[in-house]
Amino acid sequence: LVGLPGLGKSTAARRMVLGLAAGGVVPISAGDLKPDYVELIRALGGTVVTFARGRGRLNPLDPGTLAAVARQLSGQARDQVLEEAHSRRVNMILGLVQLQRSPAPVAESELVVLDAAVRLLIERSSPADPPPQLRDLWQLLEDAPEPLRAAALDRGDDAQYRAVTRPLQVSLTGLMTGYGGMFAGQTSDAVTLDTPGMVVDVSGLGVHDLSMTAAVLLATWNEVYGTVWATNALADAGLAPQRRTLIVLDELWRVLSAAPGMVDRINHLGRLNRN
């Protein structure tokens, strides 16, 4: 919905939410900044999750519902879900790093190393363990195992490896210490479709902190889309009923304008859900 301020965009969206909820569709406001949807979702008997400085955390390496779904599947279906979880982790961290650095870009060599590091980190983790965190990713880069050296094309030159990975470590440190500690720790509230509706209330962030607002919105959008994708995969396997959802991405322009590459990050979220 695009239009000038005060012409009724939010009102129209709320009416869509209400009407579709009556038809059994699960409405999800994935980042409510004003807030516009909190009272409506409460009235529907839905779930309200709040994120603000010092309140609530999001772990970019937590696969969320995707991990639980993968454990219920086997063969190619399981492999597809695991690869989806990996792709979303990498895309999420890449987006956060771009926001942290803006306007400086992320080098292609860093992307290759990041992809390899996230994959290796998950391979070394046990399903029974809590999801790895950004500090674990930082430490893995510091330890410089052979798969990451190969990804960095260091050819046995430690200085070359550090030249590729040090900027990435600096950005990860910034993510852990900045943004009010939002990305340092385990996710505090998981997204679920087992509810008449859900809203992620981020109105406490403050509209003037554009970088933090964009980072939290991007993270919550990623979490919501991942949950929907996982739920669809379970339904496709005949292990759960098909759930229909309406996802509201409020104030999309804030993320699009926050840093270079945000169009690609959002496109990555949407393109994976065209089914």
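All of these numbers come straight from a predicted model, not from anything done at the bench. (Residues numbered from 1 in each chain as written. Predicted model: local features only at pLDDT ≥ 70, side-chain atom pairs only at ≥ 80, totals over all residues. Heavy atoms only, no water.)

Caption draft 1: Region of interest: the overall build of the protein. When helices and strands are tallied, the protein shows 11 helices and four strands. Taking 275 residues into account, the globule formula puts the C-alpha radius of gyration at 19 Å, and the protein, at 19 Å, falls close to it. Its C-alpha atoms give the protein principal-axis dimensions of roughly 60 × 45 × 30 Å. For the protein, restricting intrachain contacts to residue pairs at least 6 apart in sequence, the fraction spanning at least 24 positions comes to 76%. Summing over all exposed atoms, the protein offers an accessible surface of approximately 12900 Å²; the carbon and sulfur share of this is 53%. Taking the 26 positively charged and 28 negatively charged side chains of the protein as two groups, their mean positions are separated by 5 Å. (Helix = DSSP H or I, 4+ residues; strand = E, 2+ residues; numbered from the N terminus. Rg over C-alpha atoms; globule rule 2.2 N^0.38 Å. Contact = heavy atoms within 4.5 Å. Areas by Shrake-Rupley, 256 points an atom, 1.4 Å probe, with all protein chains shown as cover. Lys, Arg positive; Asp, Glu negative; His and termini not counted. Charge placed at Lys NZ, Arg CZ, Asp CG, Glu CD.)

Caption draft 2: Seen up close, the nonpolar core. If you look at the biggest cluster of nonpolar residues, it comprises 61 residues, and the most contacted ones within it are Ile93, Leu99, Leu137, Phe183 and Val216. Among the elements that take part in this core, helix α9 (residues 210-236) stands out by supplying 11 residues, more than any other. Excluding residues that lie within four positions of it along the chain, Ile93 makes contacts with Pro60, Leu61, Leu114, Val118, Leu134, Leu137 and Leu172. Core analysis: the second largest hydrophobic core is formed by 10 residues, Ala70, Leu73, Val81 and Ala85 among them. (Core = buried A, V, L, I, M, F, W, Y, C linked by side-chain atoms within 4.5 Å. Buried < 20%, exposed > 50% of the residue type's maximum accessible area, 1.4 Å probe, protein only.)

Caption draft 3: Local environment of empty space enclosed by the protein. Summed over all chains, the structure comprises two cavities of 30 Å³ or more. Of the pockets and cavities examined, the largest cavity occupies roughly 170 Å³. Taken together, 20 residues line the largest cavity, and the ones lying closest to its centre are Asn59, Pro60, Asp62, Asn222 and Glu223. Of all the secondary-structure elements, those providing two or more residues to the lining of the largest cavity are α3 (65-70), α4 (75-101) and α9. Among the residues making up the lining of the largest cavity, the classes are represented as nine nonpolar, seven polar and four charged. In this model, the second largest cavity occupies a volume close to 40 Å³. What lines the second largest cavity is simply Val49, Phe51, Leu58, Asp189, Val191, Val200, Thr220 and Glu223. Grouping the amino acids of the lining of the second largest cavity by side-chain chemistry returns five nonpolar, one polar and two charged. (1 Å grid on protein atoms, 1.4 Å probe; cavity = no way out; pocket = protein on both sides within 12 Å on 5 of 7 lines; lining within 4 Å. Points joined across faces, edges and corners; volume = space filled by probe spheres on them. Nonpolar A, V, L, I, M, F, W, Y, C, P; charged D, E, K, R; others polar.)

Caption draft 4: A look at the packing of aromatic side chains. Counted under the stated rule, the structure contains one aromatic pair. Ring plane angle 90 degrees and centroid distance 5.8 Å describe the contact between Tyr179 and Phe183, whose orientation is recorded as edge-to-face. As far as burial versus exposure is concerned, Tyr179 and Phe183 are alike and both buried. (Phe/Tyr/Trp six-rings, centres within 6.5 Å; stacked < 30°, edge-to-face > 60°.)

Caption draft 5: Layout of the packing of helix α5 (residues 108-123) against helix α8 (residues 158-177). Taken N-terminus to C-terminus, the directions of α5 and α8 make an angle of 75 degrees; their axes are 9 Å apart at the nearest point. As judged from the angle between their axes, α5 and α8 are roughly perpendicular. Side by side, α5 and α8 meet where Ser109, Glu110, Val113 and Leu114 of the first sit next to Val164, Thr165, Pro167 and Leu168 of the second. Looking at the contact of α5 with α8 residue by residue, the classes come out as five nonpolar, two polar and one charged. (Axes fitted to C-alpha atoms, helices over the stretch in contact; angles between N-to-C directions. Parallel < 35°, antiparallel > 145°, perpendicular 65-115°, else oblique.)

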